[in-house]
Amino acid sequence: MRRLLLLNALIFAVLAAAAALAYYSFSATSEGTAREREITLMEELAEEKVTSLEQVIDYADSKLMRGVNLDELSADQLDRLPKAHGAAVLAIYVLDEHFKPVPNGFSARPHVREARLDPGYRTWFLDKVVPVMGMAKKKADERGHLYFTLEGTPTMFSYMRRLSGDRTFYVVVEDDLNYIIFTLFNQFFHNSDASKRLYEVRDDKHAHRFGYEFGDASNDFLVEQKFRITMDDWTLRVAQRDETGREELRRKQVINSVLIGGAVTVILAGLAVLGFAIRRERRLSELKSEFISNVSHELKTPLSIISMFGEMLANGRTKSAEQAHEYAEIIWRESVRLGRLIDNVLDFAKIERGAVYEFEDADVGEVVERAVELSGRRVAAAEMTLEADIAPELPMVRLDANAFTLAVLNLIDNAIKYAADGKRIELALRRDGDQRVVLSVRDWGQGIDPEEHERIFERFYRARAIRLKPIRGSGIGLALVQHIARAHGGDATVTSAPGAGSTFSIWLPVA
Ligand code: ADP
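Calculation criteria
Residues numbered from 1 in each chain as written. Predicted model: local features only at pLDDT ≥ 70, side-chain atom pairs only at ≥ 80, totals over all residues. Heavy atoms only, no water. Helix = DSSP H or I, 4+ residues; strand = E, 2+ residues; numbered from the N terminus. Buried < 20%, exposed > 50% of the residue type's maximum accessible area, 1.4 Å probe, protein only. Contact = heavy atoms within 4.5 Å. Lys, Arg positive; Asp, Glu negative; His and termini not counted. Charge placed at Lys NZ, Arg CZ, Asp CG, Glu CD. Near = heavy atom within 4 Å. Polar contact = N/O pair within 3.5 Å; in protein donor to acceptor, adjacent residues only side chain to side chain. Areas by Shrake-Rupley, 256 points an atom, 1.4 Å probe, with all protein chains shown as cover. Nonpolar A, V, L, I, M, F, W, Y, C, P; charged D, E, K, R; others polar. Pairing = 2+ DSSP bridges. Axes fitted to C-alpha atoms, helices over the stretch in contact; angles between N-to-C directions. Patch = residues over 30% accessible without salt bridge, like charges linked within 9 Å, V, L, I, M, F, W, Y side chains within 5 Å. Salt bridge = Lys/Arg side-chain N within 4 Å of Asp/Glu carboxyl O. Phe/Tyr/Trp six-rings, centres within 6.5 Å; stacked < 30°, edge-to-face > 60°. Lys NZ or Arg CZ within 6 Å of the ring centre and 35° of its normal. Parallel < 35°, antiparallel > 145°, perpendicular 65-115°, else oblique. Expected span 1.5 Å × (residues − 1). Bend = angle between axes of the 7 residues up to and from the residue. Core = buried A, V, L, I, M, F, W, Y, C linked by side-chain atoms within 4.5 Å.

Overview of the overall build of the protein
Part 1: Within the protein, the secondary structure is distributed over eleven helices and 16 strands.
Part 2: Seen through its principal axes, the protein has C-alpha atoms that stretch 160 × 50 × 40 Å.
Part 3: Within the span of the protein, comprising 511 residues, buried residues form 41% of the whole.
Part 4: Taking contacts inside the protein between residues at least 6 apart in sequence as the whole, the part at least 24 apart equals 66%.
Part 5: The positive charge centre, built from 67 side chains, and the negative charge centre, built from 76, are 3 Å apart in the protein.

Side note on the site of the ligand
Part 1: Around the ligand, the surrounding shell holds 18 residues, and the nearest of these are Tyr 418, Asp 443, Arg 462, Ser 474 and Leu 478.
Part 2: Here Lys 417 contributes a side-chain N or O atom positioned 3.1 Å from an oxygen atom of the ligand.
Part 3: Gly 475 has a polar backbone atom sitting 2.9 Å from an oxygen atom of the ligand.
Part 4: Protein contacts shield 98% of the accessible area of the ligand, which totals 530 Å² for the unbound molecule.
Part 5: Looking at the shell around the ligand, the elements that each hand over two or more residues are α9 (401–418), α11 (477–487) and β16 (502–509).
Part 6: It is α9 that contributes the most residues to the shell around the ligand, three residues altogether.
Part 7: Of the residues assigned to the shell around the ligand, the class counts are nine nonpolar, six polar and three charged.

Details of the sheet that holds strand β9 (residues 235–240)
Part 1: Strands sit in the order β7-β6-β9-β8 across an open sheet of four strands; the sheet is antiparallel. Looking at which strands have only one partner, the edges of the open sheet turn out to be β7 (208–211) and β8 (222–226). Mean inter-strand twist for the sheet, computed between neighbouring axes without regard to direction, equals 25 degrees.
Part 2: Judged from the three bridges that link them, strand β6 (residues 197–202) and β7 form a sheet pairing that is antiparallel. Residue pairing across strands places Val 201 opposite Phe 210, the latter belonging to β7.
Part 3: This element, helix α1 (residues 2–66), spans β6, β8 and β9 of the sheet and lies at about 30 degrees to β8.

Description of a negative patch on the surface
Part 1: Taken together, the side chains of Glu 43, Glu 44, Glu 47 and Glu 48 define an acidic patch exposed on the protein surface.
Part 2: Considering the arrangement of structural elements, one finds Glu 47 in helix α1.
Part 3: You can call Glu 47 partly exposed: its relative accessible area is 39%.

Some words on the packing of aromatic side chains
Part 1: If you walk through the whole model with that rule in mind, you get 21 aromatic pairs.
Part 2: With 5.5 Å between their ring centres and 65 degrees between their planes, Tyr 23 and Tyr 24 make a pair best called edge-to-face.
Part 3: Ring centres of Tyr 93 and Phe 106 lie 5.6 Å apart, and the angle between their planes is 45 degrees; this geometry places the pair in the tilted category. Of this pair, Tyr 93 sits in strand β1 (residues 89–95) while Phe 106 sits in strand β2 (residues 101–108), and the two are 13 residues apart along the sequence.
Part 4: Among the residues examined, Phe 106 registers a relative accessible area of 12% and is labelled buried.
Part 5: Pairwise contacts between aromatic rings join Tyr 147, Phe 185, Phe 188, Phe 189, Tyr 199, Phe 210, Phe 227 and Trp 234 into one cluster.
Part 6: Lying over the aromatic face of Phe 106, Arg 122 brings its terminal NZ or CZ to 5.0 Å of the ring centre.
Part 7: Above the plane of the ring of Trp 444 lies Arg 442, whose end atom (NZ or CZ) is 4.3 Å from the centre.

Notes on the environment of Ala 84
Part 1: Here Ala 84 is to be found in helix α2 (residues 75–85).
Part 2: On a C-alpha basis, the gap between Ala 84 and Ala 60 in space is 9.5 Å, while along the polypeptide they are 24 residues apart.

Quick word on the packing of helix α3 (residues 110–117) against helix α4 (residues 119–133)
Part 1: Closest axis-to-axis distance for the α3/α4 pair is 5 Å, and the angle between their directions is 75 degrees. Judged on the interaxial angle alone, α4 and α3 are roughly perpendicular. In this structure, α3 contributes Ala 115, Arg 116 and Leu 117 to the contact, and α4 contributes Pro 119, Tyr 121 and Arg 122.

Looking at α4
Along an α-helix, residues three or four positions apart point the same way, because every turn accommodates 3.6 residues.
Part 1: Between its first and last C-alpha atoms α4 spans 21 Å; for 15 residues at 1.5 Å apiece the expected length is 21 Å, and the two agree.
Part 2: Within α4, the axis deviates most sharply at Phe 125, by approximately 35 degrees.
Part 3: Those residues of α4 that sit buried are Tyr 121, Phe 125, Val 129, Val 130 and Met 133.
Part 4: Against the buried residues of α4 lie β1, α3, β3 (144–150), β4 (153–164) and β5 (167–175).
Part 5: The residue sitting at the N-terminus of α4 and contributing the capping side-chain oxygen is Asp 118; that oxygen lies 3.0 Å from the backbone nitrogen of Gly 120.
Part 6: The first or second residue beyond α4 is Gly 134, which carries a positive phi of 60 degrees.

Structural notes on the nonpolar core
Part 1: Judged by nonpolar contacts, the single largest core of 53 residues is most densely connected at Val 364, Val 368, Phe 404, Leu 427, Leu 439, Ile 456 and Ile 506.
Part 2: Per-element tally for this core: the top contributor is α9, with ten residues.
Part 3: Leave out the neighbours within four places in its chain, and Val 368 touches Ile 390, Phe 404, Val 408, Leu 427, Leu 429 and Leu 439.
Part 4: Grouped together as the second largest cluster of nonpolar side chains are 27 residues, Ile 39, Leu 184, Phe 188 and Val 201 included.

Some words on the sheet that holds strand β11 (residues 385–390)
Part 1: Taken in spatial order, the five strands line up as β11-β13-β14-β16-β15 in an open sheet, and their pairing is mixed. The sheet is open, and its two borders are formed by β11 and β15 (491–496), each paired with just one other strand. In this sheet, adjacent strand axes meet at a mean angle of 15 degrees when their direction is disregarded.
Part 2: With eight bridges connecting them, strand β13 (residues 424–432) and strand β14 (residues 436–443) associate as antiparallel partners. Each residue of the ladder has a partner; that of Ile 425, found in β14, is Asp 443.
Part 3: Across the sheet, α9 is in contact with β11, β13, β14 and β16; its angle to β14 comes to roughly 25 degrees.
Part 4: Its contacts with the sheet put α11 on β15 and β16, and the angle it makes with β15 is roughly 130 degrees.

Listed below in structure tokens is the structure:
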């Protein structure tokens, strides 16, 4: 009954764990989808921002370069161009088709003018920078750019091939990256308090250039977008501002993984226990059917012997008085055996239903002595001897005398049944320290394989070596003995080795 309840509880726990698991996987999926949606949104935003910013630079530079008029070239005209087109440039160079400076084709912001006019700079610009641009290969009126880092300073040139009548010339502008960073970036990637997002720009060397510094710590909600047509390999990084939300998400993830781990453990443990219970039930039902055939056999044999010899006696078919006595002896032996079997089965059934013992303080020596007396004739019939050594002045023990007698009789019966070859049975009842009284029944039979020492106390179990022999038994005797011993607060054990006989002991606590 209790086992059934436990099993039901277990099945319920497994189902609940499975349901929890299903729920978590569902919520994880929907959370994942929300996360994906948010990331996609951020990616779109990052791309849009970078594209718009680059378009502004591209548009202003292109307009400026297209605005250069070769026929009216003057420093004045060039000086005015940046403002007119809103372009952020430091210097403008106009070159002829051989990449040589055109007269009046130079303009620079006042604070860099001197540096750009320096002959060293000029030579470097014309010999080292211009050839790398590959301007001749560009389509006319199309902006190209060259970005590089010079002694740690990011530098960007935009350029364009122009046609004036049948003449080709080139315009190169040096973009003002400081302006772009401090003014344009601020317009596009401004980290306002109201915004849910944070922006950072890193340059091609991964150095922080603008905005909120995220550091390199892994961030669940971080997307990156590279610049393409201006500062090569610069990246815009966008992250979620909501630190607390992220913290909470992480906490929820930890809780979820603990709960999921718990659910999986419950399911696995539950399935293991169920599997174990099923195997046990199957083994038990096998043993039970074996038990039924054993018991029926045990009932039938003595009954047919009793009826056969009873009939002979009743019909006066005996040759002598001794033979009649012998027949009567057989009938008595078999009826005792029958009685014992029925006792065992009935008591066993009682215990299975939840036995109620009747305990009282008793003289355990007396109870054992009576059991020895009751076995006397059966021992003699098996041509064995039983020596009983019952210590005097044993303390009182709380006993159910009938149950305990049944246990002792079972041990003696087993010794008769399984150790008749050994001829000798020794029974001892002694004190063991202050707390215990120990009864032991020793025989000199074939003994029991150590592997089976525990199993012989199980219901219906019979030792393998015995099953092959024509010794009758039901497999419930020792289960009964152990149950009775434990009900008294003690236990039943065996020590034995094959060929060396066995000693069965029952210890009981002193009252
Ligand atoms: P049964 O005697 O009806 O088979 P028990 O529960 O009394 O059932 O005993 C279980 C098994 O333990 C026996 O089948 C037998 O194999 C083994 N056994 C019990 N007592 C002895 C003994 N004294 N010597 C050897 N084997 C024994």
